[in-house]
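If you want the building blocks of each chain, they are given just below.
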Amino acid sequence: MARESTGNSHASPPLWRVERLAYAYGKTVALDVERLSVRRGRLLCLLGPTGAGKSTLLRLLAGTAVPSRGRIDVGSARPEKANGAPSVAMVYQQPLPLRRSVAENVAYGLKLKRLPRREIETRVEHWLQQLRLAELASRRADRLSGGQLTLLAIARALAIEPEVLLLDEPTANLDPGRVELVEQVVRAEVNRRDCTVVWTTHNLFQARRIADDVALLLGGACIEQADGRTFFDSPADERTKAFLNGDLIY
């Protein structure tokens with residue numbers, strides 16, 4: 001059973017609360033989480049090795065997968081918003097661009113929201129600059145490198161200003177400079193808009209750098225969840241201590 005040491009995370013109420021959530025592929029149980037919460041306006045890192053269930057949990061939160069058992073209780077993304085699920089954008093490990101220019105990819109979601117033309121142009125220009133894609137604005141998106149595609153997917157997601165951003169190992173295939181860029185841009189957006197981010201990673205150092213809260217997943221179970229400082233400095237579960245010390249090999 002997961003142990004939850006919330007620390008400072010009580011400062012913001014839960015946006016999502018997971019209870020006895022399970023997902024299975026046929027007879028194979030990929031995820032079985034007793035309890036986990038995602039708190040509004042914070043960056044939660046889902047930490048764990050490959051195959052721990054991180055991506056599966058992210059898809060369940062996004063609503064693109066249906067749980068085999070259990071539930072996800074949804075709160076409000078804003079204190080003043082009494083009802084209604086939050087707006088969500090997800091960036092997958094292998095993003096698929098539209099067969100249009102880089103700029104048109106970023107503009108697509110904004111056009112669906114029927115924003116004024118000038119605002120669309122302003123947001124597109126801003127996010128292409130932020131993710132260092134401005135020089136590629138007119139290039140066909142399906143001709144970008146893998147790293148450039150990841151940056152484009154993040155720009156496209158951030159441009160629509162979702163209340164929740166779900167990121168599935170967004171920096172796994174990036175060089176160190178781009179890793180730092182993505183971390184800085186996403187962290188700044190959390191601070192600027194008080195948006196909520198759930199970010200999957202297997203990188204202990206990255207989780208320590210960026211996370212407000214951390215949940216450790218092992219073998220499809222949530223072993224422990226805590227605010228970042230408590231998780232790394234005073235873990236409650238022996239398996240968490242072993243994972244942080246490098247004593248667990250998966």
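Residues numbered from 1 in each chain as written. Predicted model: local features only at pLDDT ≥ 70, side-chain atom pairs only at ≥ 80, totals over all residues. Heavy atoms only, no water.

Chemist: Looking at this structure, I do not really get helix α2 (residues 102-112). What am I missing?
Modeler: At 3.6 residues per turn, the α-helix brings residues three or four places apart onto the same side. Within α2, the full set of buried residues consists of Val102, Ala103, Asn105, Val106, Ala107, Gly109 and Leu110. Looking at the buried residues of α2, the elements they touch are α3 (117-130) and α4 (146-159). Within two residues after α2, arginine 114 carries a phi angle of roughly 60°, on the positive side. (Buried < 20%, exposed > 50% of the residue type's maximum accessible area, 1.4 Å probe, protein only. Helix = DSSP H or I, 4+ residues; strand = E, 2+ residues; numbered from the N terminus. Contact = heavy atoms within 4.5 Å.)

Chemist: Mind showing me how you'd approach the nonpolar core here?
Modeler: Generally speaking, soluble globular proteins have nonpolar side chains that are buried together. Residues Leu43, Val124, Leu131, Val197 and Trp199 are the most contacted members of the largest nonpolar core, which totals 51 residues. In terms of residue count, the dominant contributor to this core is α4 (nine residues). If sequence neighbours within four positions are ignored, tryptophan 199 has contacts with Leu43, Leu44, Cys45, Leu46, Leu167, Pro170, Thr171, Val182, Glu183, Val186, Gln206 and Ile210. With 24 residues, the next largest nonpolar core counts Val18, Leu21, Leu44 and Leu60 among its residues. (Core = buried A, V, L, I, M, F, W, Y, C linked by side-chain atoms within 4.5 Å.)

Chemist: Looking at this structure, how should I read unusual backbone geometry?
Modeler: Apart from glycine, the bulk of residues carry a negative phi angle, and the bulk of peptide bonds sit in the trans form. Positioned with a positive phi, glutamate 161 is a non-glycine residue whose angle comes to about 50°. Topologically, glutamate 161 is positioned in the loop between α4 and β7 (164-168). On the basis of relative accessible area, glutamate 161 is assigned to the partly exposed category, the value being 31%. For glutamate 169, which is not glycine, the phi dihedral falls at a positive 45°.

Chemist: Please clarify how the packing of aromatic side chains should be interpreted in this entry.
Modeler: Centre distance and the angle of the planes are the two values used to describe a pair of aromatic rings. Counted under the stated rule, the structure contains two aromatic pairs. Ring geometry for tyrosine 23 against tyrosine 25: centres 5.1 Å apart, planes inclined by 85°, an arrangement best described as edge-to-face. Classification of tyrosine 23 by relative accessible area gives buried; the value is 17%. Consider the rings of phenylalanine 231 and phenylalanine 232, whose centres lie 5.1 Å apart with planes at 80°: the pair is edge-to-face. In this pair, the class of phenylalanine 231 matches that of phenylalanine 232, namely buried. (Phe/Tyr/Trp six-rings, centres within 6.5 Å; stacked < 30°, edge-to-face > 60°.)

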